[in-house]
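# Structural features, examined
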Amino acid sequence: MPKVLTVSDEVVESLWTDQVHRHSVDLVLAAGDLPFDYLEYLANALEQPCVLVPGNHDVDLGGYARRRGLWMRDGFPARWPGPQGWVDADGRIVDVAGLRIAGLGGSIRYSNGPNQWTERQQSRRVKTLARAADRRYRRDGRGVDVLLTHAPPLGVGDREDPPHRGFACLHDAVRRMRPAWLLHGHIHPHGDDFLLGKTVPERRMDQTRVVNTVGYKILDITPGGDGAD
């Protein structure tokens, strides 16, 4: 059972020091909107696989491919702008540390910034990702363990203001891929909850556990998703 450190949106000062070594983990997952030098510190300090999806405040990481040890974009050598030591799972299926991760970064579109999607655009991305998960399942019988997103599903821990509204299509993603966990960020505790240091409660979508990982959490995740439709 891999022990997973999940981070998102808010820097935790104790993790940016030698105190991070108190956490013995097998995998680090980031759900977006964190400084890349912070993520690089975690990768170097923990020396474990690290997987991210971008948030709406991150730079555009799309369109890059690694070929023969070089990053390429549009057929030309390019420097990947993401944090070193991390794998971008946005729109992809990634197998790491015994887990199968499906990634969908970004938030609902509310401005002209990067990593923002209309509901229709994200719905197309969900369908593409679910088909990829299904192909993997048919090949090796393994389903998705974790759906890693930046924004939450609509009505499941999101907010009513336009930038923090969740995606309705993530309900379809959960139905089709049946992940054991959906880990997201984007929704910061506020008001009395923030002042009291309370974390956002875990939610459920059928058998999927939905966890807001703003700040950080340590989770024990059992491999063995049951597959996609």
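Computed from a predicted model, the values in this text were never measured in an experiment. (Residues numbered from 1 in each chain as written. Predicted model: local features only at pLDDT ≥ 70, side-chain atom pairs only at ≥ 80, totals over all residues. Heavy atoms only, no water.)

## A short note on the overall build of the protein chain
Counting its regular elements, the protein chain contains four helices and 16 strands. Since a compact globule built from 229 residues should have a radius of gyration of about 17 Å, the 17 Å found for the protein chain is in line with a globular shape. For the C-alpha atoms alone, the extent of the protein chain along its principal axes is close to 45 × 40 × 35 Å. Within the span of the protein chain, comprising 229 residues, buried residues form 50% of the whole. A separation of at least 24 residues holds for 69% of the contacts in the protein chain among residues at least 6 apart in sequence. Distance between charge centres in the protein chain, computed from 30 positive and 30 negative side chains, equals 8 Å. (Helix = DSSP H or I, 4+ residues; strand = E, 2+ residues; numbered from the N terminus. Rg over C-alpha atoms; globule rule 2.2 N^0.38 Å. Buried < 20%, exposed > 50% of the residue type's maximum accessible area, 1.4 Å probe, protein only. Contact = heavy atoms within 4.5 Å. Lys, Arg positive; Asp, Glu negative; His and termini not counted. Charge placed at Lys NZ, Arg CZ, Asp CG, Glu CD.)

## Describing empty space enclosed by the protein
Using the criterion set out here, one finds one cavity of 30 Å³ or more in the structure. Considering only enclosed or pocket space, the largest cavity measures out at about 50 Å³ in volume. Lining the largest cavity are Ala30, Gly32, Asp33, Leu34, Phe36, Leu39, Leu52, Val53, Pro54, Asp58 and Leu61. Residue composition of the lining of the largest cavity, by class: eight nonpolar, one polar and two charged. (1 Å grid on protein atoms, 1.4 Å probe; cavity = no way out; pocket = protein on both sides within 12 Å on 5 of 7 lines; lining within 4 Å. Points joined across faces, edges and corners; volume = space filled by probe spheres on them. Nonpolar A, V, L, I, M, F, W, Y, C, P; charged D, E, K, R; others polar.)

## What to know about the sheet that holds strand β4 (residues 64-67)
Two orientations exist for strands paired in a sheet by backbone hydrogen bonds: parallel and antiparallel. If you trace the three strands from one edge of the open sheet to the other, you get β4-β5-β6, paired in antiparallel fashion. The open sheet has two edge strands with one neighbour each: β4 and β6 (76-77). (Pairing = 2+ DSSP bridges.)

Functional significance is not addressed by these values, which are geometric in nature.
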